[in-house]
Amino acid sequence: MGKVYLIGAGPGDPELLTLKAARLLSCANVVLHDSLVSAEVLGKISPGAEVVDVGKRCGKKLLTQDEINALLVGYSASHEVVVRLKGGDPSIFGRAGEELGALRDAHREFEVVPGVTAASGAAAAAGVSLTDRRVASQVLLTTFSRGRDATAMDWGCLTPATTLVLYMPGPDYAEVARRLSDAGLPADLPCVIVSGASGSQQQVRSSSVGALATEEKLAAPALMIVGRVASRQIREIGEVFWRGDGVESWPETVSVS
Ligand code: SAH
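Residues numbered from 1 in each chain as written. Predicted model: local features only at pLDDT ≥ 70, side-chain atom pairs only at ≥ 80, totals over all residues. Heavy atoms only, no water.

Undergrad: Explain the sheet that holds strand S7 (residues 109-113) to me, please; I cannot follow it from the model alone.
TA: Adjacent strands of a sheet pair through backbone hydrogen bonds, lying either parallel or antiparallel. Taking strand neighbours across the sheet as the criterion, the 5 strands line up as S3-S2-S6-S1-S7 in an open arrangement whose pairing is parallel. In this open sheet, the two edge strands, each paired with only one partner strand, are strand S3 (50-53) and S7. Taken pair by pair, the neighbouring strands of this sheet meet at an average axis angle of 20 degrees, ignoring direction. On top of the sheet, helix H3 (residues 65-78) reaches strand S1 (3-8), strand S2 (30-33), S3 and strand S6 (81-86); it is set at about 155 degrees to S6, its chief contact. (Pairing = 2+ DSSP bridges. Helix = DSSP H or I, 4+ residues; strand = E, 2+ residues; numbered from the N terminus. Axes fitted to C-alpha atoms, helices over the stretch in contact; angles between N-to-C directions. Contact = heavy atoms within 4.5 Å.)

Undergrad: Honestly, the side chain of Thr162 in this entry has me stumped. Any pointers?
TA: Its location among the elements puts Thr162 in strand S9 (residues 162-166). Engagement of the side chain of Thr162 in a polar contact is seen with the side chain of Gln138, the distance being 2.8 Å. At 2.9 Å, the side chain of Thr162 forms a polar contact with the backbone nitrogen of Thr159. Look past the residues within four positions of Thr162 in its chain and what remains in contact with it is Gln138, Leu140, Cys157, Val226 and Gly227. (Polar contact = N/O pair within 3.5 Å; in protein donor to acceptor, adjacent residues only side chain to side chain.)

Undergrad: How should I be thinking about the nonpolar core in this particular structure?
TA: Among soluble globular proteins, nonpolar side chains are generally buried collectively. By size, the foremost hydrophobic cluster in this structure holds 19 residues, and its most contacted members are Leu164, Leu180, Leu185, Leu212, Met224 and Val226. Secondary structure elements with two or more residues in this core: S9, helix H6 (173-182), strand S10 (190-195) and strand S12 (222-226). With 4 residues, the top contributor of residues to this core is H6. Those residues within four positions of Val226 in sequence are excluded, and the remaining contacts are Thr162, Thr163, Leu164, Leu180, Leu185, Leu189, Pro190, Cys191 and Val209. In terms of nonpolar packing, the next biggest core, distinct from the first, is built from 17 residues, Ala21, Val41, Val81 and Val113 among them. (Core = buried A, V, L, I, M, F, W, Y, C linked by side-chain atoms within 4.5 Å. Buried < 20%, exposed > 50% of the residue type's maximum accessible area, 1.4 Å probe, protein only.)

Without other data, these values stay purely geometric and don't point to any function.
Below you can see the structure in the form of structure tokens.
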């Protein structure tokens, strides 16, 4: 019986792979990867390994999640080092929970190797700090639920000191702008759109909640960082955000430029 490694491939740049991920890719017997994984990272896979693209992108499913789970269980019965390679970090919008559940149910040995999530890659690309003791004390990694429970988003934890990282924003920026505005975010709140973070096609665009609707769409994969940290210049605004164990005060407007 082999072992299954759920490995984070990072946002694209192969130098952002962990040493452990690179080592396991070089000795894997089989690698099942998503389409989000960059060609450069795939180039690190041992030439002798069997490579299976189980990716699903833009709604075009190659394999169902159940089929992927079954492949992982099946391969681990006959291969020693089975790698499940996912873009970014496996535990962030990566369906790692379902795969780990299937491996547990099948009594397979597994290990998770974390990776640099797209939020970190995008923040680095934009020169933004996701938290900032002057303006942001919490980060929300989220995505809009689509379809049946499109209105089920829980914005309860959103405060003026939250940095919102919106994964999979989709191409309809006007809809994103409307939802952010419905959530109570002011039109002048800065945001930055990052496409292909850390890769050769990387693009970074500064905008705001109000201006987002008319921004030119950036190529997938892209995400948005919304909040005061996305301002080009955060002036010292002087408010005390946290005191003791709770939120003390939130200024209505923020001094950003
Ligand atoms: N597990 C991944 C996220 C998978 S969901 C992670 O931890 O990063 C896929 C979404 O991640 C994309 O639609 C996009 O919103 C974001 N994403 C992934 N790679 C990206 C990149 N290089 N630049 C910008 N966004 C990226």
